[in-house]
Amino acid sequence: MGMITNEIIEFVQKQKLGFIATVCPDGTPNLSPKGTTKVWDEEHLVFADIHSPQTIENLLVNPSIEINVVDVFIRKGYRFKGIGQVLSEGSLFEEVISFYRKAGAQYPIKNIVLVKVKRILPVLSPVYDTAISEDEVKKKWTDYWRDIQG
């Protein structure tokens, strides 16, 4: 039985954007948003390397990775800690490429990163320490984003 529940699968599918944190060879952090973040199965996330040379270089040296997927309107989400594996060929690589193509991906994909999830933690805004409800938080941020769009 895997760690990634149906609720988490639906959440990640809806959000689409994952913030990928890796460790540079000099020990500094590297953070890169990936719009291809998906749940592969109950134990793995996956994302495509469309133009991610630093992320891939970092993972080849140190496979430690964290992916944050957050709903900006409700200020909730998940932190996925794990180990990333860079795939450049082979049957699993081809299977994941096919998955993205069927989903409509049109950009050239250089590599696939398969992330073995070791730990899932919630992301929860401190606003929830107050008496404000999720609906109120959502309204506040929906109004904010609508207003700045003019």
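Residues numbered from 1 in each chain as written. Predicted model: local features only at pLDDT ≥ 70, side-chain atom pairs only at ≥ 80, totals over all residues. Heavy atoms only, no water.

> Please give an account of the overall build of the protein chain that cites residues and values.
Across its full length, the protein chain holds four helices and seven strands. Each helix (α) and strand (β) of the protein chain, taken in turn from the N terminus, gives the series α-β-β-β-β-α-β-β-α-β-α. Each principal axis of the C-alpha atoms in the protein chain carries an extent, and together these give about 50 × 40 × 35 Å. The buried share of the protein chain, reckoned over its 150 residues, is 37%. For the protein chain, the proportion of contacts with a sequence separation of at least 24, taken over those separated by at least 6, is 68%. Averaging the positions of the 18 positive and the 19 negative side-chain charges in the protein chain gives two centres separated by 3 Å. (Helix = DSSP H or I, 4+ residues; strand = E, 2+ residues; numbered from the N terminus. Buried < 20%, exposed > 50% of the residue type's maximum accessible area, 1.4 Å probe, protein only. Contact = heavy atoms within 4.5 Å. Lys, Arg positive; Asp, Glu negative; His and termini not counted. Charge placed at Lys NZ, Arg CZ, Asp CG, Glu CD.)

> Can you explain unusual backbone geometry? Please cite residues and give values.
The phi dihedral of Lys16 falls on the positive side, at around 70°, and the residue is not glycine. Tracing the chain through its elements places Lys16 in the loop between helix H1 (6-15) and strand S1 (18-23). Look at Arg75: it is not a glycine, yet its phi comes out positive at around 60°. The partly exposed category is assigned to Arg75, whose relative accessible area is 23%.

> An account of the environment of Phe47 is needed here, citing residue identities and associated values.
Position of Phe47 relative to the elements: it lies in strand S4 (residues 44-49). Taking the C-alpha atoms as reference points, Phe47 and Gly35, separated by twelve residues in sequence, lie 8.0 Å from one another.

> So what's going on with H1? Residues and values would help.
Looking at H1, one finds that the buried residues are Ile8, Phe11, Val12 and Gln15. Seen along its axis, H1 keeps its buried residues to an arc of 95°; they face one direction. Opposite its buried face, H1 presents the exposed residues Asn6, Glu10, Gln13 and Lys14, each directed more than 90 degrees away. The elements touched by buried residues of H1 are strand S3 (38-41), strand S5 (64-71), strand S6 (76-87) and strand S7 (111-124). (Arc of directions from axis to C-beta.)

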